[in-house]
Amino acid sequence: MNARSADTAADYTVDELMVSALAAHFEDGDQACNGMASFIPVAAFMLARMTHAPELIWIASSVGLEPRPKRIPASTLEAALWRDSVMYLEQYTDFWNLVLNGRWITKFCVGAAQMDCHGNVNNSVIGDDYHRPKVRLPGTAGLADLCSLGKNLYYWHPDHSRRSFVEKVDFISGAGYLDGGDARDRLGLGGGPRAVVSNLAVMDFHPVNKRMRLKSLHPGVTVEQVRAATGFELLMPEGEPPETAPPTRRQVQLIREVIDPDGMRKSGFRTRGAP
Amino acid sequence: MNARSADTAADYTVDELMVSALAAHFEDGDQACNGMASFIPVAAFMLARMTHAPELIWIASSVGLEPRPKRIPASTLEAALWRDSVMYLEQYTDFWNLVLNGRWITKFCVGAAQMDCHGNVNNSVIGDDYHRPKVRLPGTAGLADLCSLGKNLYYWHPDHSRRSFVEKVDFISGAGYLDGGDARDRLGLGGGPRAVVSNLAVMDFHPVNKRMRLKSLHPGVTVEQVRAATGFELLMPEGEPPETAPPTRRQVQLIREVIDPDGMRKSGFRTRGAP
Amino acid sequence: MQEKSSSIEKAVGMIRDGDVVALQNMATQAAPMALVREMIRQQKRGIGLVVLVGGIAVDWLAAAGVIDRLIGAAVSMEQFGLCQQYRAAVESGRVRVEELSESLLNARLGAGARQLPFLPSRGAIGTDLIAENPDNLRLIDDPFGGRPVVACRALVPDVALVHAHRADRFGNVQYEPTARWPDLAVMPFAARRVLVTAEEIVDSEVLRRHPERTVLPGFIVDAVVEVPYGAHPTSFFPAYGYDDRFHLAWTEISRDAGRAAAFVDRQLRAPCSQAEYLEAAGGEPMLARIRKPASTGG
Amino acid sequence: MQEKSSSIEKAVGMIRDGDVVALQNMATQAAPMALVREMIRQQKRGIGLVVLVGGIAVDWLAAAGVIDRLIGAAVSMEQFGLCQQYRAAVESGRVRVEELSESLLNARLGAGARQLPFLPSRGAIGTDLIAENPDNLRLIDDPFGGRPVVACRALVPDVALVHAHRADRFGNVQYEPTARWPDLAVMPFAARRVLVTAEEIVDSEVLRRHPERTVLPGFIVDAVVEVPYGAHPTSFFPAYGYDDRFHLAWTEISRDAGRAAAFVDRQLRAPCSQAEYLEAAGGEPMLARIRKPASTGG
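Below, the structure is looked at part by part.

The rules behind the values
- Residues numbered from 1 in each chain as written.
- Chains lettered and ligands numbered in written order.
- Predicted model: local features only at pLDDT ≥ 70, side-chain atom pairs only at ≥ 80, totals over all residues.
- Heavy atoms only, no water.
- Helix = DSSP H or I, 4+ residues; strand = E, 2+ residues; numbered from the N terminus.
- Rg over C-alpha atoms; globule rule 2.2 N^0.38 Å.
- Buried < 20%, exposed > 50% of the residue type's maximum accessible area, 1.4 Å probe, protein only.
- Contact = heavy atoms within 4.5 Å.
- Areas by Shrake-Rupley, 256 points an atom, 1.4 Å probe, with all protein chains shown as cover.
- Lys, Arg positive; Asp, Glu negative; His and termini not counted.
- Charge placed at Lys NZ, Arg CZ, Asp CG, Glu CD.
- Pairing = 2+ DSSP bridges.
- Patch = residues over 30% accessible without salt bridge, like charges linked within 9 Å, V, L, I, M, F, W, Y side chains within 5 Å.
- Salt bridge = Lys/Arg side-chain N within 4 Å of Asp/Glu carboxyl O.
- Buried area = accessible area lost by both parts, 1.4 Å probe.
- Polar contact = N/O pair within 3.5 Å; in protein donor to acceptor, adjacent residues only side chain to side chain.
- Axes fitted to C-alpha atoms, helices over the stretch in contact; angles between N-to-C directions.
- Parallel < 35°, antiparallel > 145°, perpendicular 65-115°, else oblique.
- Left-handed = near helix turned anticlockwise from the far one by under 90°.
- Nonpolar A, V, L, I, M, F, W, Y, C, P; charged D, E, K, R; others polar.
- 1 Å grid on protein atoms, 1.4 Å probe; cavity = no way out; pocket = protein on both sides within 12 Å on 5 of 7 lines; lining within 4 Å.
- Points joined across faces, edges and corners; volume = space filled by probe spheres on them.
- Core = buried A, V, L, I, M, F, W, Y, C linked by side-chain atoms within 4.5 Å.
- Phe/Tyr/Trp six-rings, centres within 6.5 Å; stacked < 30°, edge-to-face > 60°.

### Examining the overall build of chain A
Okay, so step 1: Helix and strand counts for chain A stand at seven helices and 14 strands.
Okay, so step 2: Computed over C-alpha atoms, the radius of gyration of chain A comes to 18 Å, within 12% of the 19 Å expected from 2.2 N^0.38 for 275 residues, which places it in the range of a compact globule.
Okay, so step 3: Counting only C-alpha atoms, chain A reaches 50 × 45 × 35 Å along its principal axes.
Okay, so step 4: Here chain A holds 275 residues, and 66% of them are scored as buried.

Here is the structure:
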């Protein structure tokens, strides 16, 4: 299948491709919220709301309902992002009532330093000794909660490499499919990781064994490149891997001129060129 | 002991006597709050704040901190009572954080339809069949909580009679000393009923067996009258029962002219005459 | 944002016979009475009512035969006394009561809101409330060796009824600075459906001026209806106080089942609109009386 | 009401070496930095820090050797990256971390606030956080036969540190309408002592104009100190945004232990007052920059 069409953008960057690929997962009636350092998710939500999902509900920084930010500011956890909100959600009681309840905010777009073949994630420590780690990462924050509360998780990663995509994470700070198969169901956990959008490809998980599987290749990327950048054996789809749908002219124009003219979305990416 | 003195009020009514007797239990630094239909407790708090306990903290209707009501309104659960507050306490989280924590609001002045010889109280049902009661009372509201959360309880009762002071309550909707002795301690419950101020006398509880005990007789009331109005054998103090200290001229003046000029405190009393 | 504005008939039409309905109400305050009257007009039956401290609404629902069970901490009209029709219904066995203390009810609803199987409390230990209610209350040990707690089983009402000061047509609901009782904070988050009446429906721009006063996000609200004086005869600070004369009249009438039934037909069922109801309840002179600052704490 | 106004020295003097100190902070937002600096000036030692999402405050406390353990959900300066001095302290074993997810930390503090032995959550089930922390987290069965929950043991900090927009001298504390993170709601209610800095100390009459904005009653507060820009270099909406240049300078300096130590001495220990500190941090030009609407979401 070839996703290119008449209105495919002539030029776009990998961050813009990832934004459009993530936006496609959010629909009218969904509720979305973002945490800190989440330029790509915020751009995806804003893009979805301006295109196919005008009824996508957004709680900026998990604080401001239906905000009207002028553009993406230097932080995604700041007042400039929740400007003109209809509601400030009190966090301790109201916001956590919604997050702990499986009925609300059912999709999250999140990042993780390390992810393994079953979608378990690690933002805690690199190394074997938890109390003398090689690298102390920021910590799980709310991710450990989201991963166990029946939410659908859409991961983004700007730097697909063997350091970040590993056979087994050093520490599970967010539950994926654990050891795979029905391990997650046996703990009574609904939801789970649904897709992973990296700078090279889009991945999902095998319905039965729950191992990560290539879903589509970004334009110009080869299976070999992805395999080489992945620290475990990535499952392949039936037949020829399709190409990730590139952003349209209108999407790229909205991202560059309206949503993120300051290019905040590019932070965290090594390469800024087109794939 | 005779509590009369030079500034004892020449004329006062039993409600005014009860207000001054209850006020004496609340001191600087205590936090007090009131619920509905609590004219006597509210009058006692206001009197204490105007006389011996200016630093008694009051949360009107459990809502308004340090309010400035003009006078006692027709309801003690109304905006007129929490007028000019420094803070409105949000109830679900903030107020209940304070109530559930044994460090705060350690004294409550409350009423109950039925009370037994060990200070257990009943606001739920009269009769043996809980689901086909003779009388359905309002219900425990927050009383069942206060009685088990280490609070000190000061009960007031405008109609001391065998119907209201019974050997055993039909239903325990607030824990007193249960079967007496160390029954309460065995459940790990601190606090408990400290005093009972009725229209005839002031009672406390025996330190060891925890049975209700006469502490002082209101002026003009005899031991026989109290015994006759009590449905169980009331313990007697050592020697001659003292007389309840009557209100002072100043107290009566404050109650009548400043605190409760509309006489709301008299509702619920059968007799309005002096004792 | 999705359109949530509705009519009172359509909104209450979402309530099915037998539903568990959580009602905002603190004695003589803040009850969504227009929704209560519409439940009576639509002759709902077998309703289980959840209420923190119920007032005249409970008495009317009992008199009209709408409810057959109640889960709550108290039922009282404060200075207007006990609810006589509710009393008669309970004493005759027509209404079954699950009595909970406030902390236990808050815990049951809080667990429902958070989809937790239970929340603990230390309240009510030693009372008969716990022995009387083994299905929903259990004394359990602390896994860390501390004091035991009362595990309060999650309660998920089918519907929550709320009255508020203003809302937009998308169901975003705002409450003015005044007392905020626990039911407002937890019932709408615990219930499967949320029906709201508001003193006024306004443009979202009005809500954006005070986002900190918005208490419910539109996406958890199923229907919103504009009903001025929608809490009458209960108070709704700072807009108006309770209607003392109406309460007094009812306390008199409610002592007699026949007169109570006639009142329900004449005053609650017959009026076809809020305007007709208010007119029958005393009209503008009555409204002017309950708006007086003396009634609203101003 | 009792007098609670104090000096920053006296207030922080209430903190003893070894105390567990709960710190208000959300990444680059709302940290009581003047209290943090005073802890460094007074050379507190062996402090256990409780923080939801800690930022530059954690890095400074680690660089100054004040903390030897941390209980929290994350430590990050968001776009300014990881806290390097904190990282080095953890990786060398000088600071021990009890990592909790946000819902588990909220539950531990919530249980502390309510004197409950534990509160349950369904968050973090399946992660290594639970196996790693048997003293404070246990998977327990639902007594009603539902799904198991994580029992989160009560956490009672010795001290909670809060920064607010205004307070009166009796310790009644007000917060302007803006984001209200969970730490503000629960830490002061859970802790044994509460120390507050406020942008301004005002007459109680000012608080009475907006009683709904008062978030802490004076009787739970032990000390209140007026400290303008008391959250610098973190943001304090709507008053001011975070100081990006100051954060950037620190991210550069903090890569080197020696330069970090010199910075702590020069910028944090040496200044004898908030005015001196602000002057050394850029003075009025810097303050004008962080007050800009662009920085505060205006």
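### Here we look at the overall build of chain C
Okay, so step 1: In terms of regular secondary structure, chain C is built from 13 helices and twelve strands.
Okay, so step 2: Since a compact globule built from 298 residues should have a radius of gyration of about 19 Å, the 19 Å found for chain C is in line with a globular shape.
Okay, so step 3: If one aligns the C-alpha atoms of chain C with their principal axes, the spans along those axes are about 60 × 50 × 35 Å.
Okay, so step 4: A burial count over chain C gives 67% of its 298 residues as buried.
Okay, so step 5: The long-range share in chain C, meaning contacts at least 24 apart out of those at least 6 apart in sequence, stands at 74%.
Okay, so step 6: Accessible surface, chain C as shown: approximately 9100 Å² in total, 50% of it carbon and sulfur.
Okay, so step 7: Charge-centre separation for chain C: the mean point of 33 positive side chains lies 1 Å from the mean point of 36 negative side chains.

### As for the sheet that holds strand 6 (residues 114–116) of chain A
Residues and elements named next belong to chain A.
Okay, so step 1: The strand order across the open sheet formed by three strands is 7-6-11, and the pairing between neighbours is mixed. Edge positions in the sheet fall to strand 7 (121–122) and strand 11 (165–166), since each has one partner strand and no second.
Okay, so step 2: Pairing of strand 6 with strand 11 involves two bridges; the strand directions are parallel. Residue pairing in the sheet places methionine 115 in a bridge with phenylalanine 165 of strand 11.

### Let's talk about a negative patch on the surface
Okay, so step 1: Among the surface-exposed residues, Asp128(A), Asp129(A), Asp170(A) and Glu132(D) lie close enough to one another that they form a single negatively charged patch.
Okay, so step 2: Counting through the fold element by element, Asp170(A) comes out in the loop between strand 11 and helix 5 (183–186).

### So, the interface of chain D and chain A
Okay, so step 1: Residue-level contacts link 53 residues of chain D with 47 residues of chain A.
Okay, so step 2: Summing both sides of the interface, chain D and chain A together bury roughly 4000 Å²; the carbon and sulfur share of this comes to 59%.
Okay, so step 3: On the chain D side of the contact with chain A, Glu78(D), Glu91(D) and Glu99(D) bury the most area, a combined 14% of that side's loss.
Okay, so step 4: Here chain D and chain A share one salt bridge between them.
Okay, so step 5: When the shortest N-O distance is used, the salt bridge between Arg136(A) and Glu99(D) registers 2.3 Å.
Okay, so step 6: Viewed at the interface, chain A and chain D are joined by 27 residue pairs in polar contact (both at pLDDT 80 or more).
Okay, so step 7: Where the side of chain D that touches chain A is concerned, the elements lending two or more residues are strand 3 (67–75), helix 4 (84–91), strand 4 (96–99), helix 5 (102–113), helix 6 (128–131), helix 7 (182–190) and helix 13 (293–296) of chain D.

### A short note on helix 2 (residues 33–41) of chain C
Okay, so step 1: Within helix 2 of chain C, eight of the nine residues are buried, which leaves the element mostly enclosed by the surrounding structure.
Okay, so step 2: Just beyond helix 2 of chain C, the residue with positive phi is Gln43(C), at close to 50°.

### Quick notes on the packing of helix 5 (residues 102–113) of chain C against helix 7 (residues 182–190) of chain C
Residues and elements named next belong to chain C.
Okay, so step 1: At a minimum axis distance of 7 Å, the contact between helix 5 and helix 7 shows a crossing angle of 40°. On the basis of their axis angle, the class for helix 5 and helix 7 is oblique. Crossing hand, helix 5 versus helix 7: left-handed. Residues Asn106, Leu109, Gly110, Gly112 and Ala113 of helix 5 touch helix 7, and the partners they reach there are Pro182, Val186, Met187, Phe189 and Ala190.
Okay, so step 2: A per-class count over the contact of helix 5 with helix 7 returns seven nonpolar, three polar and no charged.

### Some thoughts on empty space enclosed by the protein
Okay, so step 1: One pass over the structure, following the stated rule, counts eight cavities of 30 Å³ or more.
Okay, so step 2: Roughly 840 Å³ of internal volume is contained in the largest cavity.
Okay, so step 3: If you go around the largest cavity, you meet 36 residues; those closest to its centre are Glu90(A), Glu90(B), Arg180(C), Glu212(C) and Arg180(D).
Okay, so step 4: For the lining of the largest cavity, the secondary-structure elements that each account for two or more residues are strand 4 (87–88) and helix 3 (91–100) of chain A, strand 4 (87–88) and helix 3 (91–100) of chain B, helix 7 and strand 11 (214–216) of chain C together with helix 7 and strand 11 (214–216) of chain D.
Okay, so step 5: Among the residues forming the lining of the largest cavity, the class breakdown is 20 nonpolar, six polar and ten charged.
Okay, so step 6: Approximately 450 Å³ is the volume attributed to the second largest cavity.
Okay, so step 7: Residue lining of the second largest cavity: 26 residues in total, with Tyr92(A), Arg114(C), Leu119(C), Arg114(D) and Leu119(D) positioned closest to the centre.

### Describing the interface of chain D and chain B
Okay, so step 1: Taken together, the contact between chain D and chain B spans 24 residues of the former and 24 residues of the latter.
Okay, so step 2: Looking at the side of chain D facing chain B, the largest losses of area belong to Arg114(D), Arg208(D) and Phe219(D), adding up to 36% of the total buried there.
Okay, so step 3: Our count for the chain D to chain B interface comes out at one salt bridge.
Okay, so step 4: Close ionic contact of Glu205(D) with Arg68(B) constitutes a salt bridge, the shortest N to O distance being 2.8 Å.
Okay, so step 5: For the pair chain D and chain B, the number of links is 15 residue pairs in polar contact (both at pLDDT 80 or more).
Okay, so step 6: For the side of chain D that touches chain B, the elements supplying multiple residues, two or more each, are helix 5, helix 7, helix 8 (204–208) and strand 11 of chain D.

### Some points on the nonpolar core
Okay, so step 1: One finds Tyr155(A), Tyr155(B), Trp60(C), Tyr86(C), Trp60(D) and Tyr86(D) to be the most contacted residues of the largest nonpolar core, which totals 418 residues.
Okay, so step 2: The residues touching Tyr86(C), leaving out its near neighbours within four places in the chain, are Arg136(B), Val58(C), Asp59(C), Ala62(C), Leu70(C), Val75(C), Val95(C) and Val97(C).

### Quick notes on the sheet that holds strand 2 (residues 57–60) of chain B
Residue and element names in this part refer to chain B.
Okay, so step 1: Read from one edge of the open sheet, four strands run 1-2-3-4, paired in mixed fashion. The strands lining the two open edges of the sheet, one partner per strand, are strand 1 (31–33) and strand 4.
Okay, so step 2: Relative to strand 2, strand 1 runs parallel, the two being bridged by three bridges. What sits directly across from cysteine 33, in strand 2, is isoleucine 59.
Okay, so step 3: In the packing of helix 2 (residues 39–50) onto the sheet, contacts are made with strand 1 and strand 2, and the angle to strand 2 comes to roughly 145°.

### Here's the deal with the environment of Glu99(C)
Okay, so step 1: One can find Glu99(C) in strand 4 (residues 96–99).
Okay, so step 2: Once the C-alpha coordinates of Glu99(C) and Leu129(C) are considered, the two residues, 30 residues apart in sequence, prove to be 6.8 Å apart.
Okay, so step 3: In contact with Glu99(C), not counting residues within four places along its chain, are Ser124(B), Tyr130(B), Arg136(B), Gly139(B), Thr140(B), Ser173(B), Gly72(C) and Leu129(C).
Okay, so step 4: Side-chain polar atoms of Glu99(C) contact the side chain of Arg136(B), separated by 2.3 Å.
Okay, so step 5: Within the structure, Glu99(C) has its side chain in polar contact with the backbone nitrogen of Thr140(B) (distance 2.7 Å).

### Thoughts on the packing of aromatic side chains
Okay, so step 1: Scanning all chains against the criterion turns up 34 aromatic pairs over all chains.
Okay, so step 2: Both rings, one in Phe26(A) and one in Phe45(A), keep their centres 5.0 Å apart while their planes meet at 70°; by these two values the pair is edge-to-face. With Phe26(A) in the loop between helix 1 (14–23) and strand 1 (31–33) and Phe45(A) in helix 2 (residues 39–50), the pair connects residues that are 19 residues apart, well separated along the chain.
Okay, so step 3: Taking relative accessible area as the criterion, Phe26(A) reaches 0% and is therefore assigned buried.
Okay, so step 4: Residues Trp250(C) and Phe263(C) carry aromatic rings whose centres are separated by 5.1 Å and whose planes lie at 50° to one another, so their mutual orientation is tilted. Within this pair, whereas Trp250(C) is found in helix 9 (residues 244–253), its partner Phe263(C) is found in helix 10 (residues 257–269), the two being separated by 13 residues in sequence.

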